[in-house]
Amino acid sequence: QAQLVESGGGLVQAGGSLRLSCAASGRTFSRYTMGWFRQAPGKEREFVAAINWSGDRSNYADSVKGRFTISRDNAKKMVYRQMNSLKPEDTAVYYCATHTTVWVYSLSMNSYDYWGQGAQVTVSS
């Protein structure tokens, strides 16, 4: 089993920045792709970004490309998500998640089996 504990988030004005962290335990962290998803009020959960096990490959949703960055520190078992130039439409609960299978890179939400508790990000206009 894996446990993911999220920290960060909060309230920020449009144009501001926030950093989310995700601490992992219970799995060999360095073997798994990590995903980043969000769910806005009244909407379905959606993909934001993913980073592969070694950190040398990542993908982003078009809506956040150029503004958000996902990174990882395998020695610390941490995933970091830097969010810049935030917009009111970025308001959501943000989740980190770990992929089901070692050495596999996938962006499909159904491919992730353990999830953090979520971090609320609210962007005011």
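Fair warning: this is a prediction, and the values are worked out from it, not measured in the lab. The written sequence of each chain sets the order in which its residues are numbered from 1. Residues qualify for local features only when their pLDDT is at least 70, as the model is predicted, and side-chain atom pairs are given and counted only at 80 or more; totals for whole chains, interfaces and linings, by contrast, use all residues. Values shown for side chains rest on all heavy atoms present in the structure; no hydrogens or waters enter the calculation.

### Things to note about empty space enclosed by the protein
Cavity and pocket criteria rest on a 1 Å grid covering protein atoms alone: a 1.4 Å probe that fits but cannot get out defines a cavity, protein on both sides within 12 Å along at least 5 of 7 lines defines an open pocket, and an atom within 4 Å of a point defines a lining residue. Grid points are joined across faces, edges and corners, and a volume is the space filled by probe spheres set on the points. Following the criterion strictly, the structure yields one cavity of 30 Å³ or more and no others. Of the pockets and cavities examined, the largest cavity occupies roughly 50 Å³. Taken together, Ala2, Leu4, Ala24, Ser25, Arg27, Phe29, Tyr32, Met34 and Thr98 make up the lining of the largest cavity. Gly is placed with the polar residues, together with every amino acid not listed as nonpolar (Ala, Val, Leu, Ile, Met, Phe, Trp, Tyr, Cys and Pro) or charged (Asp, Glu, Lys and Arg). Of the residues belonging to the lining of the largest cavity, the class tally is six nonpolar, two polar and one charged.

### A look at the side chain of serine 21
Secondary structure elements are defined from DSSP: runs of H or I of at least 4 residues count as helices, runs of E of at least 2 residues count as strands, and each element is numbered from the N terminus. Counting through the fold element by element, serine 21 comes out in strand S3 (residues 18–25). The buried label applies to any residue whose accessible area, calculated with a 1.4 Å probe on protein chains only, is under 20% of its type's maximum; exposed applies above 50%, and partly exposed to all values in between. With a relative accessible area of 11%, serine 21 lands in the buried category. Look past the residues within four positions of serine 21 in its chain and what remains in contact with it is Val5, Glu6, Ser7, Met78, Val79, Tyr80 and Arg81. Residues are treated as being in contact if the distance between any of their heavy atoms lies within 4.5 Å.

### Some details on the pattern of salt bridges
Only one rule defines a salt bridge in this text: a Lys or Arg side-chain nitrogen within 4 Å of an Asp or Glu carboxyl oxygen. If you walk through the whole model with that rule in mind, you get six salt bridges. Notably, a salt bridge pairs arginine 81 with glutamate 6, separated by 3.1 Å at the nearest N-O pair. On the criterion of sequence distance, the pair formed by arginine 81 in strand S8 (residues 78–83) and glutamate 6 in strand S1 (residues 3–8) is long-range, its members being 75 residues apart. The exposure class of glutamate 6 is buried, given its relative accessible area of 6%. Between arginine 38 and aspartate 90 there is a salt bridge; the shortest N-O distance is 3.0 Å. Placement of the pair is arginine 38 in strand S4 (residues 34–39) and aspartate 90 in the loop between S8 and strand S9 (92–99), with a sequence separation of 52 residues. With relative accessibility at 6%, the residue arginine 38 sits in the buried group.

### Some words on the packing of aromatic side chains
When the centres of two rings from Phe, Tyr and Trp lie within 6.5 Å, Trp using its six-membered ring, the rings pair. Their planes under 30 degrees apart give stacked, over 60 give edge-to-face, and anything left gives tilted. Under the defined criterion, the tally for this structure stands at eight aromatic pairs. With a centroid separation of 5.9 Å and 70° between ring planes, the pair formed by phenylalanine 37 and phenylalanine 47 is classed as edge-to-face. Taken together, the residues phenylalanine 37 in strand S4 and phenylalanine 47 in strand S5 (residues 46–51) connect sequence positions 10 residues apart. Members of the aromatic cluster, joined through ring pairs, are Phe37, Phe47, Tyr95, Tyr112 and Trp115. We call a charge positioned over a ring when the NZ of a Lys or the CZ of an Arg lies within 6 Å of the ring centre and within 35 degrees of the ring normal. Seen from the ring of tyrosine 95, arginine 45 lies directly overhead, with NZ or CZ sitting 3.8 Å from the centre. Against the face of tryptophan 115 rests arginine 45, its NZ or CZ located 4.8 Å from the ring centre.

### A word on the sheet that holds S3
What makes two strands pair is DSSP finding at least two bridges between them. Across the sheet, which stays open at both edges, the four strands sit in the order S1-S3-S8-S7 with antiparallel pairing between neighbours. Bordering the open sheet on either side are S1 and strand S7 (68–73), each of which pairs with just one other strand. Neighbour to neighbour, the strand axes of the sheet diverge by 15° on average, direction disregarded. Pairing of S7 with S8 involves six bridges; the strand directions are antiparallel. When the bridges of S8 are listed, isoleucine 70 appears paired with arginine 81. Axis lines are fitted to C-alpha atoms, over the contacting stretch for helices. Their N-to-C directions set the angle, which ranges from 0 to 180 degrees.

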